[in-house]
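# Structure at a glance
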There are 2 protein chains.
Amino acid sequence: MPNSTALPLVILSEQFARLPGIGMKTAQRLAYHVVSLPDEEAKAFADAIMNAHSSIHECGICCNLTDQRICPVCSDDMRDTSTICVVETPKDITAFERTNEYHGVYHVLHGLISPLDGITPDMIRIKELLSRISKGDVKEVIMATNPTVEGEATAMYISKLIKPLGIKVTRLAFGLPIGGTLEFADEVTLFKALENRSEIG
Amino acid sequence: MPNSTALPLVILSEQFARLPGIGMKTAQRLAYHVVSLPDEEAKAFADAIMNAHSSIHECGICCNLTDQRICPVCSDDMRDTSTICVVETPKDITAFERTNEYHGVYHVLHGLISPLDGITPDMIRIKELLSRISKGDVKEVIMATNPTVEGEATAMYISKLIKPLGIKVTRLAFGLPIGGTLEFADEVTLFKALENRSEIG
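Conventions we followed
Counting starts from 1 at the beginning of each chain's written sequence and moves along it residue by residue. Lettering of chains starts at A and numbering of ligands starts at 1, both following the order in which they are written. Only residues with pLDDT of at least 70 get local features here, since the model is predicted, and only at 80 or more are side-chain atom pairs given and counted; chain-wide, interface and lining totals rely on the full set of residues. In computing side-chain values, all of the structure's heavy atoms are included and hydrogens and water are not. Side-chain atoms within 4.5 Å are what join buried Ala, Val, Leu, Ile, Met, Phe, Trp, Tyr and Cys residues into a set we call a nonpolar core. Each residue gets one of three labels from its accessible area relative to the maximum for its type: buried under 20%, exposed over 50%, partly exposed in between, using a 1.4 Å probe on protein chains only. Secondary structure elements are taken from DSSP: a helix is a run of H or I of four residues or more, a strand is a run of E of two residues or more, and numbering for both begins at the N terminus. The span you would expect from a helix comes to 1.5 Å times its residue count less one. DSSP calls a pair of strands paired once it identifies at least 2 bridges connecting them. Fitted lines through C-alpha atoms serve as axes, helices being fitted only where they are in contact, and the angles separating the N-to-C directions of these axes extend from 0 to 180 degrees. Any pair of residues with heavy atoms lying within 4.5 Å of one another is described as a contacting pair. When two parts are put together, the accessible area they lose, computed with a 1.4 Å probe and summed over both, is reported as buried area. Criterion for a salt bridge: a side-chain nitrogen of Lys or Arg within 4 Å of a carboxyl oxygen of Asp or Glu. Pairs of N or O atoms within 3.5 Å make up the polar contacts considered here, provided that, within protein, one atom can donate a hydrogen while the other can accept it, and that residues adjacent in sequence are counted only when both atoms are side-chain atoms. Under the scheme applied, nonpolar residues are Ala, Val, Leu, Ile, Met, Phe, Trp, Tyr, Cys and Pro; charged residues are Asp, Glu, Lys and Arg; polar residues are all the others, including Gly.

## Here's the deal with the nonpolar core
Counting residues in hydrophobic clusters, the biggest one holds 39 residues, and the most contacted among them are Leu12(A), Phe16(A), Phe45(A), Leu12(B), Phe16(B), Phe45(B) and Ile49(B). Those elements giving two or more residues to this core turn out to be α1 (7-17), α2 (24-35) and α3 (39-55) of chain A together with α1 (7-17), α2 (24-36) and α3 (39-55) of chain B. Counting 33 residues, the second-largest nonpolar core is a separate cluster that includes Cys85(A), Ile158(A), Ile162(A) and Val169(A).

## Quick word on α3(B)
In a regular helix each residue adds 1.5 Å, so 17 residues correspond to 24 Å; α3(B) covers 24 Å between its end C-alpha atoms and thus fits that length. Along α3(B), the residues classified as buried are Ala42(B), Phe45(B), Ala46(B), Ala48(B), Ile49(B), Ala52(B), His53(B) and Ser55(B).

## Thoughts on unusual backbone geometry
Residues and elements named next belong to chain B. Even without being glycine, cysteine 63 reaches a positive phi, approximately 70°. Position of cysteine 63 relative to the elements: it lies in the loop between β1 (57-58) and β2 (65-66). Positive phi outside glycine occurs at asparagine 100, with the angle close to 60°. As for its placement among the helices and strands, asparagine 100 is situated in the loop between α4 (90-99) and β4 (104-108).

## Let's talk about the sheet that holds strand β6 (residues 168-171) of chain A
All names here are of chain A. In space, the four strands of this open sheet follow the order β4-β3-β5-β6, with parallel pairing throughout. Each end of this open sheet is capped by a strand with a single partner; those strands are β4 (104-108) and β6. The mean inter-strand angle of the sheet, taken between neighbouring strand axes irrespective of direction, is 25°. Bridge count for strand β3 (residues 80-87) against β4 is five bridges, and the pairing is parallel. In the strand pairing of β4, valine 86 is matched with histidine 107.

## Section: the sheet that holds strand β5 (residues 140-143) of chain B
All names here are of chain B. Reading across from one edge, β4-β3-β5-β6 is the order of the four strands in this open sheet, with parallel pairing throughout. Each edge of the open sheet carries a strand with a single partner, namely β4 and β6 (168-171). Each strand of the sheet is rotated relative to its neighbour by a mean of 25°, with strand direction disregarded. Seen against the sheet, α4 touches β3 (80-87) and β4 and runs at an angle of roughly 160° to β4. Helix α6 (residues 149-162) rests against β3, β5 and β6 of the sheet, and its axis sits at about 170° to β6.

## A short note on the interface of chain A and chain B
Contacts between the two partners involve 55 residues from chain A, matched on the other side by 55 residues from chain B. Both faces considered, chain A and chain B share a buried interface measuring about 4700 Å² in area, 72% of it formed by carbon and sulfur atoms. Where chain A packs against chain B, one counts two salt bridges. Ionic pairing is found between Arg18(B) and Glu41(A), a salt bridge with its closest N-O pair at 3.5 Å. Counting every contact that joins chain A to chain B gives five residue pairs in polar contact (both at pLDDT 80 or more). Among the elements of the structure, α1, α2, α3, β2 (65-66) and α4 (90-99) of chain A are those that each provide at least two residues to the side of chain A that touches chain B. No other element matches the 14 residues that α3(A) contributes to the side of chain A that touches chain B. Taken together, the residues of the side of chain A that touches chain B break down into 32 nonpolar, 13 polar and ten charged.

Laid out in structure tokens, this is it:
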């Protein structure tokens, strides 16, 4: 930015621009917005950052992000601990919880195996998952990673480690999204929908 | 968000979602990103907010945002103070400065007259502009508000106040954008381009 812009504004713009998906123009707009906020709102924003950053860590059981020792799902007696749904990120748990249909527990990998990006199996929370399974009564592990190359590879890798232990390993179903139309479905989705077709009635 | 998400994360997401143009999903993504930052980066972000917010105020002359008493443009002896370019926001100054072609000074209105939104002439920096003009050697005022209903109305309102003082008031030219094509120009732009046509050679 030209030097007609004050330095603290430039610094704040640069901070915003470092966030994922925020370009320099948006960052500048956000910086101007923050400067125009009332004192207490700007302070609340800065406090929320520091507070979230300092109080959030991984759950001792499922590696979900939480501000307690054990996350609300793992500490809920009503959840079925014999079913573990394995996801890539904490956001994925939020998505499942919105369905109100899943009553098992989760395990967050915090990443996917990706040799091209230098992410090896020991860099994500696989050993935490295995040690959890070794402790007990797990009957089913649902691999709920995304349907990408890395998601599929990670699901395969983990299932090969778990299956020999005599535990059922399942994968999410893939097909046409509800509300979607054939016209706009890509070839791979349509192929999956065809391949995984089920009998009616 | 369901209560599987830790409260400090929910609070931070809500803070992000209050920023202009940031929806709840993006806000959540940004909040997770901030939590995953190293300590010093999270602190740098929070500090940048507080620092920008506390040190930035309006320039005593042109009302641009600055961390000094007088902004760099107004305190630059090389600028031609007889020409004032009137803009809506500080961001507009950044745009003009990028051209490297304007050597006059600016005046930031911090808004446009908009009766429908309850914004009356006394709520933007018009009296500051008039008092600036009354002090001196101003020869030309360039109305550089956006070509919107409010921008046009504000330009007309101010020019009616200034013209009687014997000062030249001009308006930015409107027409086809450079690099744009006739095919994609809207009717109003094309009409303006036709209306403001100039003789060749």
